[in-house]
Amino acid sequence: MSVELKKTFVTSVFAAAAVLASTSASFAGTCVATGGASQELLDAARNNPARLISSYGSKDAMSDAIRLLVATDTTLAAQVLAAASGPGVSADQKAGMGAGLARAANICEPQNAALATEIQEAVAALAATPADQAANRDLLTAFNSGLGQFATAATGAGAGAAPGAGAAAAPGVTGTGAPTGTGGVVAGADGLGIGQGDGSLSTNASDNARTINTTNTTNTTNSTSTFNTFQTVVSQSPASI
Amino acid sequence: MWNGARLAFLPLAEYLAIGAIAVLGLGLAVSELQISARFADVSLVAERIEYGKPVSANSVAIIAADADEIGELGVCRSDIVLAGAKTVLQRIGNYDEATNYPAWWSALTAAKTYLGRALACLPGDGNLWLRYAAVDSTIAEGPEKAAKLMAISAMHSPADESDLLARVYFWNRFRPETVAAGRDVARKDVILAVQIATPADVRKAFPTVSPALKPFVIEAAKDISAQRRRALLRAGFDPDNL
């Protein structure tokens, strides 16, 4: 075997090993290469899901923590959902869990869509029947809303085409608005400031395919992004203050 | 004798009282001036934002950090509080979840904290309630809570055109479950907007009418005059063809 051939063989072996390693890492269920949740937190969540409620009492803290926990180990989605169905969980806390799960799925989506889908399917199981949907309304609403926010940001919908924004000037009250898109891109004045400029992403129902269907008993999740421009306009729209 | 002593004493007491009031007034004036001076940059940047003048993301970040102190210090002057609100909300737009989650999240939660304090100062401001609803729902949209916050906004400013249109804008973006939870308020807002708001602004509030709001728009369209319908159509909003 020539030296050149040996080199090629060795390179191929290493490449294959690298691919296998990355594949196995993916199947291990993590979407965070670095900066994930600590092993201690992961173990705590895994061994005692109810502690998620006591440890992260507020909606905001819960959403943030669950995002990182589940993105670090997507199998924890099941624990989170179990905790959500436990006794004494407030509507606010359920919403926080839903938003956290959505954001974990958002992290996974670009690098490992299968894991994102796993999270979505786990949540979709909560919407199996109308009764389930009603019981889990807060979690499901926050989940679907959270998926949409990211899609907008990721696609840059807010930039330029942003729902007009900013300082949205109310008619006759505050003058012209100053729409700024995600990332601070100034998009030009937009009068009222709460409209969308040309080219902005639609918000109609047909865009909501990535969300979990809670209007009938068929649960659908697919990878089409939701283009809900809500997140990008919080800072931008009704700015008559 | 007693009367004479009283007469002699009273002018001095009056002088002292007037002096004390003057010192107090001066103290308050100085304090107000100090607050104005301390947050002058916040007011200036808020004004630039409001009038659509460009403000760099960096400036917004710096000034919004200043504005955070408005709440922390418990300053309760509407001009300062509202200017601060504008900058902390603008700061959210500097970031997005996809590319800089920590900064985005920090801006979002700081805005929520700020607005919570602002509402303690100005509980009757419908626009602040609306913004609080929007920020809170971005963190995690809970139908009942969002609907309740929107209802409080509507209660405080039921027909202020800017607040009304802003509410419609957000109703249009909320999940159907949230619209269902706030059905009565959403319906009233939509009908009022379609019937009386400036047509061009109605179009902007409804870039695309969400399925959850369509029934309300259809209902509103039944009662508008031919003239109003023409005005809406001219503005690009066709309530009969959603």
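One numbering rule holds for all chains: residues counted from 1, following each sequence as written. The naming scheme follows written order: chains are lettered A onward, ligands numbered 1 onward. In keeping with the predicted nature of the model, local features appear solely for residues at pLDDT of at least 70, side-chain atom pairs appear and are counted solely at 80 or more, and the whole-chain, interface and lining totals rest on all residues. Excluding hydrogens and water, the side-chain figures rest on all heavy atoms present in the structure.

### Quick notes on the overall build of chain A
The test is simple: Per the convention used, a helix needs a DSSP run of H or I reaching at least four residues, while a strand needs a run of E reaching at least two, with both numbered from the N terminus. Contact criterion: two residues are considered in contact whenever any of their non-hydrogen atoms come within 4.5 Å of each other.
Looking only at helices and strands, chain A features ten helices and zero strands. Counting from the amino terminus, chain A carries its helices and strands in the arrangement α-α-α-α-α-α-α-α-α-α. In chain A, the proportion of contacts linking residues at least 24 apart, taken out of those at least 6 apart, comes to 67%.

### What about the overall build of chain B?
This is how the line gets drawn: Each radius of gyration is computed over the set of C-alpha atoms, and the globule rule expresses the reference value as 2.2 Å times the number of residues to the power 0.38. Think of it in three bands: residues with accessible area under 20% of the maximum for their type are buried, residues over 50% are exposed, and the middle band is partly exposed, with areas taken using a 1.4 Å probe on protein chains only.
Counting its regular elements, chain B contains 13 helices and zero strands. Listed N to C, the secondary structure of chain B is α-α-α-α-α-α-α-α-α-α-α-α-α in terms of helices and strands. Over its C-alpha trace chain B gives a radius of gyration of 24 Å, far above what one expects of a compact globule, namely 18 Å for 242 residues. Seen along its three principal axes, the alpha-carbon backbone of chain B occupies a region of about 90 × 45 × 35 Å. Residues counted as buried form 51% of the 242 residues belonging to chain B.

### Let's talk about the nonpolar core
Residue and element names in this part refer to chain B. Inclusion rule: Among buried residues, those of type Ala, Val, Leu, Ile, Met, Phe, Trp, Tyr and Cys that are joined through side-chain atoms within 4.5 Å constitute a nonpolar core.
Formed by 77 residues in total, the largest nonpolar core has its most connected members in I70, F206 and L213. In terms of residues, this core owes the most to one element, helix α5 (residues 101-121), which gives eleven residues. Apart from the residues lying within four places of it in its own chain, the contact partners of L213 are V168, W171, N172, V179, A186, V190 and F206.

### Quick word on the packing of aromatic side chains
Applied cut-off: Classification of ring pairs uses Phe, Tyr and Trp, with its six-membered ring standing for Trp, and accepts pairs whose centres are within 6.5 Å; under 30 degrees between planes counts as stacked, over 60 as edge-to-face, and the remaining range as tilted. By the criterion adopted, a ring carries a charge over it if an Arg CZ or a Lys NZ lies within 6 Å of its centre and within 35 degrees of its normal.
One pass over the structure, following the stated rule, counts six aromatic pairs over all chains. Ring geometry for Y101(B) versus W105(B): centroids 5.8 Å apart, planes at 20°, classification stacked. You can see Y101(B) and its partner W105(B) sitting in helix α5, four residues apart, about one turn around the helix. Of the two residues, Y101(B) and W105(B), both sit in the buried class. Both rings, one in W171(B) and one in F174(B), keep their centres 5.9 Å apart while their planes meet at 75°; by these two values the pair is edge-to-face. A relative accessible area of 0% places W171(B) in the buried class. Relative accessible area serves as the criterion here: at 5%, F174(B) is assigned to the buried category. Through a chain of ring-to-ring contacts, the aromatic side chains of Y101(B), W104(B) and W105(B) assemble into a single cluster. In this structure, R67(A) packs its charged tip against the face of Y101(B), placed 3.3 Å from the ring centre. One cation-aromatic arrangement involves R173(B) over Y169(B); the distance from NZ or CZ to the ring centre is 4.1 Å.

### Quick word on the environment of V123(A)
Structurally, V123(A) can be placed in helix α7 (residues 113-124). Linking V123(A) and A37(A), residues 86 residues apart in sequence, is a C-alpha distance of 21 Å.

### Topic: the layout of surface pockets
Selection rule: The way it works is a 1 Å grid over only the protein atoms, where trapped points that fit a 1.4 Å probe form a cavity and open points with protein on both sides within 12 Å along at least five of seven lines form a pocket, and then any residue with an atom within 4 Å of a point lines it. Grid points are joined across faces, edges and corners, and a volume is the space filled by probe spheres set on the points. Any residue outside Ala, Val, Leu, Ile, Met, Phe, Trp, Tyr, Cys, Pro, Asp, Glu, Lys and Arg is labelled polar, Gly included; the first ten of those are nonpolar and the last four are charged.
When its volume is computed, the second largest pocket comes out at roughly 220 Å³. Elements with a contribution of two residues or more to the lining of the second largest pocket: α4 (59-72) and α6 (91-111) of chain A together with α5 of chain B. Broken down by element, the lining of the second largest pocket gets its largest block of residues, five residues, from α6(A). Here the residues of the lining of the second largest pocket sort into ten nonpolar, six polar and three charged.

### Considering the state of the cysteines
The line we're drawing: Sulfur atoms of two cysteines make up a disulfide when they are within 2.5 Å.
What the rule picks out here adds up to two disulfides over all chains. Residue C31(A) pairs covalently with C108(A) via a disulfide, S to S 1.9 Å. Disulfide C31(A)-C108(A): the torsion about the S-S bond is 100°, which places it as right-handed. Separated by 77 residues along the polypeptide, C31(A) in the loop between α1 (3-27) and α2 (39-47) and C108(A) in helix α6 bring together distant segments of the chain. For C31(A), a relative accessible area of 2% gives the class buried. Covalent S-S linkage joins C76(B) and C121(B), the inter-sulfur distance amounting to 2.0 Å. The sign of the S-S torsion, about 95°, decides the handedness of the disulfide formed by C76(B) and C121(B): right-handed. Taken together, the residues span a long stretch of sequence, with C76(B) in the loop between α3 (57-72) and α4 (78-92) and C121(B) in helix α5 at a distance of 45 residues.

### Overview of helix α6 (residues 126-139) of chain B
Residue and element names in this part refer to chain B. Here is the rule: Helix span is expected to be 1.5 Å times the residue number reduced by one. Any N or O atom pair separated by 3.5 Å or less is treated as a polar contact, with the protein-specific requirement of one donor-capable and one acceptor-capable atom, and with residues adjacent in sequence counted only for side-chain atom pairs.
Between the first and last C-alpha of α6 there are 20 Å, a value that for 14 residues agrees with the 20 Å anticipated at 1.5 Å per step. Within α6, 14 of the 14 residues are buried, which leaves it mostly tucked inside the rest of the structure. Sitting at the head of α6, D125 places a side-chain oxygen 2.9 Å from the backbone nitrogen of N127.

### Some points on the confidence of the model for chain B
For the record, the criterion: For every residue, the predictor states its confidence as a pLDDT score lying anywhere from 0 to 100.
Model confidence for chain B is summarised by a mean pLDDT of 92, while 96% of its residues fall at 70 or above. Helix α7 (residues 143-156) of chain B holds the highest mean pLDDT among the elements of chain B, 98, whereas helix α1 (residues 2-38) of chain B holds the lowest, 78.

### Considerations on the environment of R229(B)
Residue and element names in this part refer to chain B. Looking at where R229 falls in the secondary structure, it is placed in helix α13 (residues 226-234). When near neighbours in sequence (up to four residues on either side) are disregarded, R229 contacts A221, I224, P239 and D240. At 2.7 Å, the side chain of R229 and the backbone oxygen of A221 are in polar contact. In terms of polar contacts, R229 uses its side chain to reach the side chain of D240, at 2.5 Å.

### Considering the packing of α4(B) against α6(B)
All names here are of chain B. To keep it simple, the criterion reads: All axes here are fitted lines through C-alpha atoms, helices being fitted over the stretch that makes contact, and every angle between N-to-C directions spans 0 to 180 degrees. Angles are sorted into four bins: roughly parallel if under 35 degrees, roughly antiparallel if over 145, roughly perpendicular if 65 to 115, and oblique for all others. Left-handed describes a crossing whose near helix is turned anticlockwise from the far helix through less than a right angle; right-handed describes the clockwise counterpart.
Interaxial distance between α4 and α6 falls to 12 Å at its minimum, and their mutual angle equals 20°. Accordingly, the angle class assigned to the pair α4 and α6 is roughly parallel. Between α4 and α6 lies a crossing of left-handed hand. When α4 is examined against α6, the residues L82, A85, L89 and I92 are found in contact with a partner set consisting of L128, R131 and V135.

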